[in-house]
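Analysis of the macromolecular model
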Amino acid sequence: ICAPHYNGSAMDGIALMASVTFGATETTPVRLCNTDFIQVDTGDPMPENTDAVVMIEDVVRDGDDVLLYGAAVPWQHVRQIGEDICAGDMILPSYTEITPAALGAMLAGGVLTVKVVKPPVIGIIPTGDEIVSPCTDPKPGDIIEFNSTIFSGIFKNWGAIPKTYPIVKDIKEDIIATMEKAVSECDAVIINAGSSAGRDDYSCLAVKTVGEVLYHGIAIKPGKPAILGYAGPKPILGVPGYPVSGIIVLEEIMKPVVECMTGRNLHDVPQVTATLSRV
């Protein structure tokens, strides 16, 4: 609908036909009787046979009459139909983030429902015998699992919903079972560690079991052992356990995937030029 959907007063004052004020000046004011105008408040619909509003501050009372020391012009201080939004106007283009102001504009235009992109749920599976939950007293050989926290924060910034699964030990059957569960519950899956070719690296096998492996190993450093696969329409990415490798693989491989899933431009970020202190 139009916003506003009626001709309304934009000021407190009097509504009248602008023509009755023509000729009014500081030295020759126009006198109007009470049948020449109707008092209105801001937001009131314009009365019939009126086309202008004179602010109450410019109205000089003289008994029941009014003296005006300035002429009004047609549609002065009137919010006309469609002044903000005309029926049929595009309020928001597709794949635009809905801001608070945009919510107001849509409601003003009578748009009460809107189709949106559902944030994708991305499962994160941490694996490894040496991986332990964050603690203050790790034993020798224990590695605190913090990659999932890093990845969760990255996905939140990208507009996705992270879902972190409990740490899975390097047991083939357990990794496959967790992968199957994640694929059934999430829109995409990240399996962390176990992507290389070691004796306990079962990530590639897990991806093959639930879907297809497109690539195992890519020309990127760090991050070479990464696994790219899918299960049905759901992408699966195996990332190395080394944190920097995992972050780079997410930035270079997973970010474009999330862009496709959310319709957002994630590469439009501020950049600065810096000089390395050492090489």
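Here, every reference points to the structure presented above.
The paragraphs below set out a description of the structure included in this document. (Residues numbered from 1 in each chain as written. Predicted model: local features only at pLDDT ≥ 70, side-chain atom pairs only at ≥ 80, totals over all residues. Heavy atoms only, no water.)

1. A look at the pattern of salt bridges
Following the criterion strictly, the structure yields six salt bridges and no others. Arginine 79 serves as the salt-bridge partner of glutamate 83, at 3.8 Å between the closest nitrogen and oxygen. Overall, glutamate 83 belongs to the partly exposed group, its relative accessible area being 45%. The class for arginine 79 is partly exposed, based on a relative accessible area of 31%. Because the salt bridges share partners, they merge into one network encompassing Arg31, Asp62 and Asp65. (Salt bridge = Lys/Arg side-chain N within 4 Å of Asp/Glu carboxyl O. Buried < 20%, exposed > 50% of the residue type's maximum accessible area, 1.4 Å probe, protein only.)

2. Quick notes on a negative patch on the surface
Residues Asp12, Asp41, Glu57 and Asp58 make up a contiguous surface patch of negative charge. Tracing the sequence through the fold places glutamate 57 in the loop between β5 (52–55) and β6 (60–62). (Patch = residues over 30% accessible without salt bridge, like charges linked within 9 Å, V, L, I, M, F, W, Y side chains within 5 Å. Areas by Shrake-Rupley, 256 points an atom, 1.4 Å probe, with all protein chains shown as cover. Lys, Arg positive; Asp, Glu negative; His and termini not counted. Charge placed at Lys NZ, Arg CZ, Asp CG, Glu CD. Helix = DSSP H or I, 4+ residues; strand = E, 2+ residues; numbered from the N terminus.)

3. Some details on the sheet that holds strand β7 (residues 65–68)
In spatial order, the strands read β3-β7-β6; together these three strands make up an open sheet with antiparallel pairing. The sheet is open, and its two edges are formed by β3 (30–32) and β6, each paired on a single side. For this sheet the average axis-to-axis angle between neighbouring strands, irrespective of direction, equals 30°. Across three bridges, the pairing between β3 and β7 is antiparallel. Its bridge partner lying in β7, valine 30 is registered against leucine 68. (Pairing = 2+ DSSP bridges. Axes fitted to C-alpha atoms, helices over the stretch in contact; angles between N-to-C directions.)

4. Considerations on the nonpolar core
Counting residues in each nonpolar core, the largest one holds 20 residues, and the members touching the most others are Ile122, Phe155, Trp158, Ile190, Leu237, Leu250 and Met254. Those elements giving two or more residues to this core turn out to be β9 (121–126), α2 (147–157), β13 (188–192), β16 (234–239) and α5 (243–262). Those residues in contact with leucine 237 that lie beyond four places of it in its chain are Val189, Ile190, Ile191, Ile227, Leu228, Val249, Leu250, Ile253 and Met254. Core analysis: the second largest hydrophobic core is formed by 18 residues, Val121, Ile176, Ala182 and Val207 among them. (Core = buried A, V, L, I, M, F, W, Y, C linked by side-chain atoms within 4.5 Å. Contact = heavy atoms within 4.5 Å.)

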